[in-house]
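# Coordinate analysis (summary)
Each chain, written out:
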Amino acid sequence: MPELDKKAASVFGGKVVRKDLVRKVKVGANVPVFVLEYLLGKYCATDDPVAIEAGLKVVNNTLASNFVRPDEANKAQSMVKDKGKHTFIDKVQVRYVSDDDKHWAELKNFGHKHVHIPEHFLRDYDRLLMGGIWVQLDLRHQYDEEQKGKRSPFWIDSLKPIQLATFDLGEYRACRSQFTTDEWIDILMRTIGLEPSYFSRRQKLHYLIRLIPLAEANYNLVELGPRETGKSYGYQELSPYTILLTGPTTVANLFFNMATGKMGLVGIWDAIGFDEVADLQKMPKEVVTTLKTYCESGTFARGKDSLSGAASIAMFGNTNQPVEVMVRSSHLFMPMPDVIREDMAFLDRIHFYIPGWEMPKMKVDFLTNHYGFVVDYLAEALRELRKHTFTELFDHSFSLGSQLKSRDVKAVRKTVSGLAKLVYPNGELSKDEVAELLELALEGRRRVKEQLKKMGSFEFHQTSFSMIDNETREEKFVGVPEQGGRDMISLDPLAPGSVYTSSVDDHAKVGLYRLEVGCSPGTGKLKIAGGVEGPMRESINRAFAYLMGQKVKMGIGQQVDTTDFHVEAIDLLSNHVPCEAGIALVVAIYSALKRQSVQAGLVILGDLSIQGNIKAMRSLAEPLQVAMDNGARKALIPLENKRNFLEVSGDIVERVDPVFFSDPMTAAMKALGMT
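Keep in mind that what you see is a predicted model, and the values were worked out from it rather than measured.

### Here's the deal with the overall build of the protein chain
From N to C terminus, the protein chain includes 25 helices and 28 strands. Dimensions of the protein chain along its principal axes, counting C-alpha atoms only, are 110 × 55 × 40 Å. Looking at the protein chain as a whole, 55% of its 675 residues are labelled buried. Taking the contacts inside the protein chain whose residues are at least 6 apart along the sequence as the reference set, 72% of them involve residues at least 24 apart. Charged side chains in the protein chain number 84 positive and 87 negative. The centres of these two groups are separated by 2 Å.

Here it is in structure tokens:
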């Protein structure tokens with residue numbers, strides 16, 4: 001047996017199950033996974049092949065004698081009549097019938113809607129009254145002598161939900177401490193039924209984010225992506241506390257039925273999944289309006305009363321175009337129905353957008369044969385963790401950037417809290433582990449804001465989300481991968497030591513580069529990466545020679561003498577037009593030594609002689625046009641070119657702010673926003 005399987009079976013004895021056994025039994029029985037695993041955990045919790053084989057026979061016999069297929073309903077009813085009593089595994093839903101002034105139980109597969117049920121079961125298990133639950137029950141046949149009106153010969157004597165009787169969160173947390181983070185994530189992946197070796201760390205975390213609504217109350221999640229990626233699996237099979245809706249619903253069903261006075265789904269279930277969200281097109285506007293209020297605060301108004309619920313909301317849908325096409329031509333909420341897609345206030349309530357296009361389509365190879373939790377055990381753990389909060393988890397180590405508004409902060413905090421409950425339920429995280437969760441949370445929320453910005457609302461224009469290290473005060477900006485490459489010049493600040501630069505050659509061809517300077521302990525040497533040749537290499541060497549002569553005046557003498565500088569130039573346009581980048585190098589080195597980023601969206605123009613004389617640009621129109629087309633919003637321009645700025649197009653004047661300089665030191669200070 002593999003080491004992790006041994007460890008899981010030893011630490012969580014009786015609470016783990018081999019997932020290949022689940023699939024074996026699942027083929028012949030149309031019951032939810034948590035029902036099968038309840039039985040397998042009861043009879044097959046061992047690594048002894050003989051005992052497993054015997055346990056499988058018991059499970060199969062139990063299902064054969066106690067589980068009834070819908071087409072065998074009449075036969076099952078006849079059997080109860082003949083035997084007088086029988087045990088079944090079935091889904092039971094209870095409804096109140098006012099004409100009879102009585103609660104009737106409906107057994108779905110048994111095929112009978114009028115089964116007597118003792119009232120105390122309704123008080124003990126209120127989910128019987130909303131949606132129903134799977135149970136193991138004893139059914140008795142007896143002539144109904146007392147009931148007025150409708151009579152029924154079937155009576156429920158005992159009823160036991162297919163779920164754990166007790167759960168110890170302290171034990172669960174203590175057991176988690178015996179596993180590494182990678183081991184724990186792999187066990188969770190196997191609990192879902194997937195073999196973790198086929199997936200990247202990022203994909204694993206996205207699979208776990210699907211489960212956040214089970215662990216975090218009032219969490220709003222969206223995943224849009226290709227078909228057959230298992231988006232809604234967790235809401236069908238992994239927990240008895242979730243419900244998956246497959247079509248339009250009503251305010252009465254979802255929130256509160258004023259006619260009956262019964263609470264709707266949001267007050268009954270832990271998480272509500274909307275599958276095939278495009279099918280909600282016919283959903284009444286009133287539902288969206290009420291849901292919008294609920295997603296913000298967890299409250300809603302019905303009649304004169306303000307009510308609340310704790311159910312999380314998850315919406316899943318399919319994309320019909322590659323993500324590149326959606327990013328280029330529209331936005332990533334296009335698969336949503338109009339009633340939701342056109343309501344930006346509703347979309348702003350979404351806490352995380354899972355990039356479904358990054359998730360692989362399911363293959364048989366992806367299914368695991370190893371041990372994972374009995375899903376009902378994990379469901380109980382996540383349900384218990386809903387009572388706890390980890391929303392302040394990262395406050396000691398990190399702060400959030402200035403462009404996150406109150407809803408953004410709330411979304412990020414809830415995502416970090418939910419992920420921590422899944423991966424670190426004991427609350428023991430290193431600083432790097434906190435940073436990993438926080439970065440992913442920022443990305444998922446930024447994906448929502450980027451779409452709102454593309455939909456044309458000015459209030460959502462600030463999307464440069466960042467995290468600040470409380471110890472070093474370094475600020476890291478978090479982007480969304482699918483936006484990469486659309487604008488070569490990012491509107492997020494670059495890392496210290498990195499700048500954008502551009503120039504034009506004698507043939508009016510423009511080069512656009514990202515110049516990156518790295519620092520390491522040394523003696524003041526310049527090391528230029530391969531591929532930087534010709535005029536660009538010469539301009540970099542000239543600028544460095546000038547900087548070595550002026551380092552004391554610039555206030556960086558000691559730092560320069562004890563540092564080696566590694567320079568790399570990335571050709572963003574891949575057109576091999578060399579760039580005279582003297583000023584850019586001075587600014588990049590100054591930025592690297594000061595550990596401060598240059599202003600966001602800034603492109604640096606101009607070169608200098610070895611004595612520090614500024615060389616004016618041949619022309620401004622071409623490099624500014626290319627820079628603007630690729631995302632630049634500011635340009636650092638030699639003062640000698642000020643008169644040329646009047647010659648550029650009105651579009652450039654309107655969209656690119658000029659920042660003029662007369663010497664290299666002024667250029668560096670202005671680039672970093674220090675003057």
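### Notes on the nonpolar core
Of all hydrophobic cores here, the largest spans 91 residues; its most connected members are Phe12, Leu40, Tyr172, Phe373, Val412, Leu438 and Leu442. Aside from chain neighbours lying at most four places away, what touches Phe12 is Tyr172, Cys175, Arg176, Phe179, Trp184, Phe373 and Tyr377. Core analysis: the second largest hydrophobic core is formed by 44 residues, Val277, Phe300, Met315 and Ile340 among them.

### A look at the sheet that holds strand 7 (residues 220-225)
Strand pairing in a sheet relies on backbone hydrogen bonds, with the paired strands running either antiparallel or parallel. Taken together, five strands build an open sheet; the order of strands is 8-11-14-7-15 and the sheet is parallel. Since the sheet does not close on itself, it has two edges, and those belong to strand 8 (242-245) and strand 15 (352-355), each with one partner. Averaged over neighbouring strand pairs, the angle between their axes works out to 15° when direction is ignored. Sheet topology note: the strand 7/strand 14 (residues 312-318) ladder contains six bridges and is parallel.

### Let's talk about helix 23 (residues 621-629)
Those residues of helix 23 that sit buried are Pro623, Leu624, Val626, Ala627 and Met628. Buried residues belonging to helix 23 abut strand 20 (498-504), strand 21 (510-521), strand 24 (602-604), strand 27 (634-638) and helix 24 (650-655). Positive phi shows up at Gly631, right after helix 23, with a value of about 110°.

### Topic: the sheet that holds strand 17 (residues 398-400)
Reading across the sheet, the three strands line up as 17-18-19 and stay open at both edges, with antiparallel pairing between neighbours. Both edges of this open sheet fall to strand 17 and strand 19 (475-477), since each of them pairs with a single strand only. Strand-to-strand, the axes of this sheet are offset by a mean angle of 25°, without reference to chain direction. Relative to strand 18 (residues 466-469), strand 17 runs antiparallel, the two sharing three bridges. Across the sheet, the residue bridging to Ser399 is Ile468, located in strand 18.

### Focus on the pattern of salt bridges
For the coordinates displayed, the defined rule picks out 43 salt bridges. Put simply, Glu296 and Arg349 hold a salt bridge, and the shortest N to O gap is 3.4 Å. With Glu296 in helix 13 (residues 285-297) and Arg349 in the loop between helix 16 (344-347) and strand 15, this residue pair connects regions lying 53 residues apart in the sequence. The exposure class of Arg349 is buried, given its relative accessible area of 14%. Connected via shared salt-bridge partners are Glu296, Asp348, Arg349, Arg407, Asp408, Arg445 and Lys449.

### Topic: helix 18 (residues 406-423)
Taking 1.5 Å of rise per residue, the 18 residues of helix 18 would be expected to cover 26 Å, and the 26 Å separating its terminal C-alpha atoms lies within 8% of that figure. Of all the 18 residues making up helix 18, 13 are buried; the element is thus mostly covered by neighbouring parts of the structure.

### A word on the packing of helix 7 (residues 169-176) against helix 17 (residues 375-385)
Two elements in contact, helix 7 and helix 17, have axes separated by 10 Å at closest approach and are oriented at 105°. Considering the angle they form, helix 7 stands roughly perpendicular to helix 17. Facing helix 7, whose interface residues are Leu169, Tyr172 and Arg173, helix 17 presents Tyr377, Leu378, Ala381, Glu384 and Leu385. Across the contact of helix 7 with helix 17, the residue classes break down as six nonpolar, no polar and two charged.

### Things to note about the pairing of strand 13 (residues 305-308)
Direction of pairing for strand 12 (residues 299-302) relative to strand 13: antiparallel, over a ladder of four bridges. Paired with Arg302 across the two strands is Asp305, which belongs to strand 13.

How each quantity is defined
Counting restarts for each chain: residues are numbered from 1 in the order of the written sequence. The model is predicted, so local features are restricted to residues of pLDDT at least 70 and side-chain atom pairs to those at 80 or more, both for listing and for counting; the totals for chains, interfaces and linings are taken over all residues. Each side-chain value is worked out from all heavy atoms of the structure, with water and hydrogens disregarded. Secondary structure counts use DSSP, requiring at least four H or I residues in a row for a helix and at least two E residues in a row for a strand, with both numbered from the N terminus. Each residue is placed in one exposure class: buried if its accessible area under a 1.4 Å probe, protein chains only, is under 20% of its type's maximum, exposed if it is over 50%, and partly exposed if it falls in between. Residue contacts are counted whenever heavy atoms from the two residues lie within 4.5 Å of one another. This count recognises Lys and Arg as positive and Asp and Glu as negative, with His and chain-terminal groups excluded. The atom standing in for a charge is NZ when the residue is Lys, CZ when it is Arg, CG when it is Asp and CD when it is Glu. To qualify as a nonpolar core, a set must consist of buried Ala, Val, Leu, Ile, Met, Phe, Trp, Tyr and Cys residues joined through side-chain atoms within 4.5 Å. Here, a strand pair is defined by DSSP locating no fewer than two bridges between the strands. Inter-axis angles, ranging from 0 to 180 degrees, are taken between N-to-C directions of lines fitted to C-alpha atoms, where helices are fitted over the stretch in contact. When a carboxyl oxygen of Asp or Glu lies within 4 Å of a side-chain nitrogen of Lys or Arg, that pair is called a salt bridge. Working rule for helices: expected span equals 1.5 Å times residues minus one. Roughly parallel covers angles under 35 degrees, roughly antiparallel covers those over 145, roughly perpendicular covers 65 to 115, and oblique covers all other angles. The nonpolar class holds Ala, Val, Leu, Ile, Met, Phe, Trp, Tyr, Cys and Pro. Asp, Glu, Lys and Arg form the charged class, and all remaining residues, Gly among them, are polar.

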